[in-house]
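# Structural overview for review
For reference, the chains in residue letters:
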Amino acid sequence: MVQAWFMNKDEEGDQREERQCDPPRAVSLEDLKKLGVLYSYVAVDDNGKYREEGGDLHRIKEERGYNYEDTITVAPDKLPGYEEKIKSFFEEHLHTDEEIRFILDGCGYFDVRNKDDEWIRIKVVKGDLLVLPAGIYHRFTTDKTNYICANRLFVGEPVWKPHNRPADEMSARLEYLKALSTWA
Ligand code: KMT
Ligand code: NI
């Protein structure tokens with residue numbers, strides 16, 4: 001099951017640490033849902049294989065209209081411009097569309113802002129399918145293994161562009177905030 005927790009307010013130190021607040025405060029899937037963050041588990045075997053036709057992923061793709069898919073591997077020797085990319089993934093940003101990641105191998109952390117602008121850290125591992133809504137402020141980092149491999153899904157032609165905070169006047173942000181006020 002996916003794990004999520006409130007982060008330590010101290011932003012110093014290695015971003016790849018767990019950075020749990022003290023004492024630890026867990027965040028439930030229910031709480032994530034109220035932020036518009038959706039989670040599903042899809043079984044992936046030791047060879048990175050998962051069921052396509054008739055499987056859970058297939059159903060989710062149909063339901064949500066995800067018709068684009070590619071694979072990204074974030075590792076020093078696999079991702080061109082690794083240092084730059086790792087930096088930009090960890091800049092607080094939003095997108096005009098959902099950010100959908102299906103983790104095939106390795107592990108990492110997606111940090112999302114809650115209603116009170118606090119950071120919640122979501123640990124993702126193999127089999128986790130995470131959907132961040134358009135307009136949510138977030139960031140990503142690997143853990144200390146410096147390795148994650150994930151499929152990126154999208155509806156139509158992918159738009160990966162991050163809009164760094166502040167992006168408060170963007171319609172994606174305004175619409176997200178409007179929806180957020182109805183979920184809590
Ligand atoms: C992103 O946009 O932050 C990423 O693609 C990170 C790697 S996917 C787990
Ligand atoms: Ni992003």
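The preceding data block contains the structure.
Notes on the structure follow. (Residues numbered from 1 in each chain as written. Chains lettered and ligands numbered in written order. Predicted model: local features only at pLDDT ≥ 70, side-chain atom pairs only at ≥ 80, totals over all residues. Heavy atoms only, no water.)

### Side note on the coordination of the nickel ion (ligand 2)
All of the protein donors around the nickel ion (ligand 2) are H93 (NE2), H95 (NE2), E99 (OE) and H138 (NE2); their distances to the metal are 2.0 to 2.1 Å. Metal-centred angles of 81 to 173 degrees between the four donor atoms at the nickel ion (ligand 2) mark the site as irregular. Donor residues binding the nickel ion (ligand 2) come from one chain and are separated in sequence as H-x1-H-x3-E-x38-H. With a relative accessible area of 9%, H95 lands in the buried category. (Donors = N, O, S within 2.8 Å, 3.2 Å for Na, K, Ca; no water. Tetrahedral: all angles 85-135°; square planar, octahedral: opposite > 155°, others 65-115°. Buried < 20%, exposed > 50% of the residue type's maximum accessible area, 1.4 Å probe, protein only.)

### Regarding the side chain of D111
Position of D111 among the secondary structure elements: in strand β5 (residues 99-113). You can call D111 buried: its relative accessible area is 0%. Within polar-contact distance, the side chain of D111 engages the side chain of R121 at 2.7 Å. A distance of 2.7 Å separates the side chain of D111 from the side chain of R139, its partner in a polar contact. (Helix = DSSP H or I, 4+ residues; strand = E, 2+ residues; numbered from the N terminus. Polar contact = N/O pair within 3.5 Å; in protein donor to acceptor, adjacent residues only side chain to side chain.)

### As for the nonpolar core
Ranked by internal contacts, the top residues of the largest apolar core, which has 28 residues, are L35, V37, V112, I120, I122 and L130. Put simply, the parts of the chain that give this core at least two residues each are β1 (3-6), β3 (68-74), α3 (82-89), β5, β6 (119-125), β7 (128-132), β9 (148-154) and α4 (171-183). Ignoring anything within four residues of it in the chain, the contact list for V37 reads L32, V112, I122, L130, V131, L132, P133 and I136. Among the nonpolar cores identified, the runner-up in size contains 13 residues, and Y50, Y66, L129 and C149 belong to it. (Core = buried A, V, L, I, M, F, W, Y, C linked by side-chain atoms within 4.5 Å. Contact = heavy atoms within 4.5 Å.)

### Considerations on unusual backbone geometry
Put simply, D22 and P23 share a cis peptide bond, and its omega is 0 degrees. R165 connects to P166 through a cis peptide bond whose omega is 10 degrees. Considering the arrangement of structural elements, one finds P166 in the loop between β10 (163-164) and α4. The phi angle at D117 is positive, at roughly 65 degrees, despite the residue not being glycine.

### Looking at the site of ligand 1
I72, V74, F89, E99, R101, F110, F140, I148 and A150 make up every residue found near ligand 1. At a separation of 3.4 Å, an oxygen atom of ligand 1 approaches a polar side-chain atom of E99. Separating an oxygen atom of ligand 1 from a side-chain N or O atom of R101 is a distance of 2.9 Å. Of all the elements in the fold, those that place two or more residues in the shell around ligand 1 are β3, β5 and β9. Among the elements that take part in the shell around ligand 1, β5 stands out by supplying three residues, more than any other. Of the residues contributing to the shell around ligand 1, the split by class is seven nonpolar, no polar and two charged. (Near = heavy atom within 4 Å. Nonpolar A, V, L, I, M, F, W, Y, C, P; charged D, E, K, R; others polar.)

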